[in-house]
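# Per-entry structural report
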Amino acid sequence: MTEEQELALITSRVDEIRAGLDSNFTEEQLQRPLSRRIAHALIASVTAATAAKLTALSARVERLEAGGVKYCGTWQRALEYGKGSAVTANGALWVALRDTAEGEQPGKVVDAWQLAAKGGKPMQRTPEETRSV
C-alpha cells in the first residue's frame, strides 16, 4: 500500500470516528469512563490529522528548498522582481512578497516587499578620521 493510499484509508477512518463521536450522548454516557475503543479512536484521529499535516508540510518544505533564496543585488527601479527575490535598498534587506512590477520600491509599496533586515545608521566620519585613512 502506498503512502497516499494509507493516508486516504486513515482519513476515511477518521471521518467514521468523528461521525460516531459527534452523535448525541446522554449525560449518563458522558459520565462513564472512556472505553478502550473510544480511546483508540481518539488516538487514531489525532494520528491521522497529524500525518495529513506532516505530509502537506513536507511537500511545502521541498518546494521552498528547491527554490532557495535568490539575492538580486541592489534594487533597481527598471527591473521586475519575482516572489521571494531578495534585494538591498536604503541599507536594508527586502524580500518580495509577490511578483513586482518596475518601479515598485521596497519600503514604499507595502504589499510587495517585506523588510528582512533593517539597516543601521550610516557611519559618518569626522575630518580627523578621514585624514588618517
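Now for a look at the structure at hand. (Residues numbered from 1 in each chain as written. Predicted model: local features only at pLDDT ≥ 70, side-chain atom pairs only at ≥ 80, totals over all residues. Heavy atoms only, no water.)

### Describing the overall build of the protein chain
Here is the rule we go by: Going along the chain from the N terminus, every DSSP run of H or I of four or more residues is numbered as a helix, and every run of E of two or more is numbered as a strand. Residue contacts follow a heavy-atom distance rule, with two residues in contact if any of their heavy atoms lie within 4.5 Å. Under the convention used here, a 1.4 Å probe and the Shrake-Rupley method define accessible areas, while residue burial counts only the protein chains that appear.
Along its length, the protein chain carries four helices and four strands. For the protein chain, the N- to C-terminal ordering of α and β elements is α-α-α-β-β-β-β-α. Long-range contacts, defined here as pairs at least 24 residues apart, represent 24% of the contacts in the protein chain between residues at least 6 apart. Counting every atom, the protein chain has about 10,900 Å² of accessible surface; 55% of that belongs to carbon and sulfur.

### Some details on unusual backbone geometry
So the rule is basically this: Working definition: with a 1.4 Å probe on protein chains only, accessible area under 20% of the residue-type maximum means buried, over 50% means exposed, and in between means partly exposed.
With a phi close to 55 degrees, Asn 90 is a non-glycine residue in the positive phi region. Since its relative accessible area comes to 70%, Asn 90 is described here as exposed.

### Some points on the sheet that holds strand β3 (residues 92–96)
Inclusion rule: Should DSSP find at least two bridges between two strands, the strands are taken to pair. The axes are straight lines fitted to the C-alpha atoms, using for helices just the contacting stretch, and the angles between their N-to-C directions are given from 0 to 180°.
The strand order β1-β2-β3-β4 describes an open sheet built from four strands, whose pairing is mixed. Both edges of this open sheet fall to β1 (70–74) and β4 (113–117), since each of them pairs with a single strand only. Taking the axes of each pair of neighbouring strands and ignoring which way they run, one obtains an average angle of 30 degrees across the sheet.

### With respect to the side chain of Ser 85
Here is the rule: The term polar contact refers here to a pair of N or O atoms within 3.5 Å; inside protein, the definition further demands a hydrogen-donor-capable atom paired with an acceptor-capable atom, and it admits residues adjacent in sequence only when both atoms are side-chain atoms.
Mapped onto the secondary structure, Ser 85 falls in strand β2 (residues 85–89). Since its relative accessible area comes to 6%, Ser 85 is described here as buried. At 2.8 Å, the side chain of Ser 85 forms a polar contact with the backbone oxygen of Gly 82.

### Things to note about the nonpolar core
Applicable threshold: Buried Ala, Val, Leu, Ile, Met, Phe, Trp, Tyr and Cys residues that are joined via side-chain atoms within 4.5 Å together make up what is termed a nonpolar core.
Trp 75, Tyr 81, Val 87, Ala 89, Ala 92, Trp 94, Ala 96, Val 109, Ala 112 and Trp 113 together form the largest nonpolar core, which totals ten residues. Counting residues per element, the ones that place at least two in this core are β2 and β3. Per-element accounting of this core gives the leading share, three residues, to β3. Those residues in contact with Ala 89 that sit more than four places away from it in its chain are Trp 75, Trp 94 and Pro 106.

### So, the pairing of β3
The side chains of a regular strand alternate, residue by residue, between the two faces of the sheet. Because side chains alternate across β3, one face comprises the buried residues Ala 92, Trp 94 and Ala 96, and the other comprises Leu 93 and Val 95, none of which is buried. Two strands pair when backbone bridges link them, and β2 and β3 are joined in this way by four bridges, in the antiparallel orientation. Each residue of the ladder has a partner; that of Ala 89, found in β3, is Ala 92. The turn linking β2 back onto β3 is made up of two residues, and Asn 90 within it adopts a positive phi angle of 55 degrees. With four bridges joining them, β3 and β4 adopt antiparallel strand pairing.

Honestly, it's all geometry; don't read function into it.
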